[in-house]
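# Topology and contacts: notes
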Amino acid sequence: MRGQFTGWPEQAMDVLWQLQGEPTHATRERYRADRERLVRQPMVALLNEVADTDPRYEDFSVWHYRTDSWWWQHQGAVIRLGRKIEIGLRFDLDGLRIQGAWWYPDPGQVDMFRKAVASEGSGRELSAIVEDVRKKGYDISGDVMKRPPRGYPTDHSRANLLRHRSLIAARPLGCDEWLHTPEAVDRVLSAAADLDALLMWLVRHVKRTA
């Protein structure tokens, strides 16, 4: 049911501003309740609405603050789609950022990825998907080897993809007025749709190994 999320209040930015640099323990405690109410809880409400729209997005977590000041300054969340395959969101003074990622792979997952990339059918499919995502403004990154792995020719047509031991597509969604309105839900859903083909390819080909 739509309507839980009304946007991040403008005061959320004020709270994050107060937590910049290396805030003392006293400063963190002074803003803890406001940060929970104005920064973290809106992220929870946002992801509940996203999950209500598409049941595939129901397995999500919204991070707490931990001890490092970075976690107080950046509100993170993940939506898990498969083993080590997820959508990540981050809200901070720069606005909202999204990424689709396969990372921190289990043993065996990298080999599965390479075999799928090397296969003509699935490999060509991934290459086209990655190029499409790139054209939509996403940066493609990951843990990338300097050369193709052993057992694969250095002149392979998809050598750049074979070098990946993780694969991430990310872009900022912005820091405009829509962040303070329910429109942010639609912005996230639109970006998730951009990433869907990539993430579903990974779900199909980089199977659970643990």
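This text follows the structure it describes.
A short tour of the structure in this document, coming up.

## Concerning helix α4 (residues 109–118)
- Among the residues making up α4, those that are buried are Q109, V110, F113, R114, A116 and V117. All buried residues of α4 project into a common sector of 165° when viewed along the axis, lining one side.

## Things to note about the side chain of Q75
- With respect to the secondary-structure elements, Q75 resides in strand β2 (residues 75–82).
- The class for Q75 is buried, based on a relative accessible area of 1%.
- Among the polar contacts made by the side chain of Q75, one reaches the main-chain carbonyl oxygen of W63 at a distance of 2.8 Å.
- Dropping the residues within four chain positions of it, Q75 is found in contact with R35, V39, R40, M43, V62, W63, Y65, L89, R90 and F91.

## Here we look at a negative patch on the surface
- A cluster of acidic residues, E10, D14, D176 and E177, forms a negative patch at the surface.
- Here E10 lies in the segment before α1 (11–18).

## Regarding the sheet that holds strand β5 (residues 139–141)
- Strand order across the open sheet formed by 6 strands is β1-β2-β3-β4-β6-β5, with antiparallel pairing between neighbours. Two strands in the sheet have a free side with no partner beyond their single neighbour: β1 (60–62) and β5. Within this sheet the neighbouring strands show an average axis-to-axis angle of 15°, counted without direction.
- The pairing of β1 with β2 spans 3 bridges and is classified as antiparallel. When the sheet's bridge partners are listed, S61 is paired in β2 with V78.

## Overview of the pattern of salt bridges
- Overall, the coordinates contain 19 salt bridges when judged by the stated rule.
- The closest approach of N and O atoms between R56 and D196, which form a salt bridge, is 2.7 Å. Taken together, the residues R56 in the loop between α2 (25–53) and β1 and D196 in helix α7 (residues 183–205) connect sequence positions 140 residues apart.
- The salt bridge partner of E120 is R158, with a shortest N-O separation of 3.1 Å. Note that E120 is positioned in helix α5 (residues 120–135) and R158 in the loop between β5 and α6 (159–162), a separation of 38 residues in sequence.
- You can call E120 partly exposed: its relative accessible area is 40%.
- Here R158 falls in the buried class, since its relative accessible area comes to 6%.
- Three or more residues are tied together by salt bridges with common partners; here these are D132, K136, R171 and D194.

Procedures and definitions
Residues numbered from 1 in each chain as written. Predicted model: local features only at pLDDT ≥ 70, side-chain atom pairs only at ≥ 80, totals over all residues. Heavy atoms only, no water. Buried < 20%, exposed > 50% of the residue type's maximum accessible area, 1.4 Å probe, protein only. Helix = DSSP H or I, 4+ residues; strand = E, 2+ residues; numbered from the N terminus. Arc of directions from axis to C-beta. Polar contact = N/O pair within 3.5 Å; in protein donor to acceptor, adjacent residues only side chain to side chain. Contact = heavy atoms within 4.5 Å. Patch = residues over 30% accessible without salt bridge, like charges linked within 9 Å, V, L, I, M, F, W, Y side chains within 5 Å. Areas by Shrake-Rupley, 256 points an atom, 1.4 Å probe, with all protein chains shown as cover. Salt bridge = Lys/Arg side-chain N within 4 Å of Asp/Glu carboxyl O. Lys, Arg positive; Asp, Glu negative; His and termini not counted. Charge placed at Lys NZ, Arg CZ, Asp CG, Glu CD. Pairing = 2+ DSSP bridges. Axes fitted to C-alpha atoms, helices over the stretch in contact; angles between N-to-C directions.

Functional significance is not addressed by these values, which are geometric in nature.
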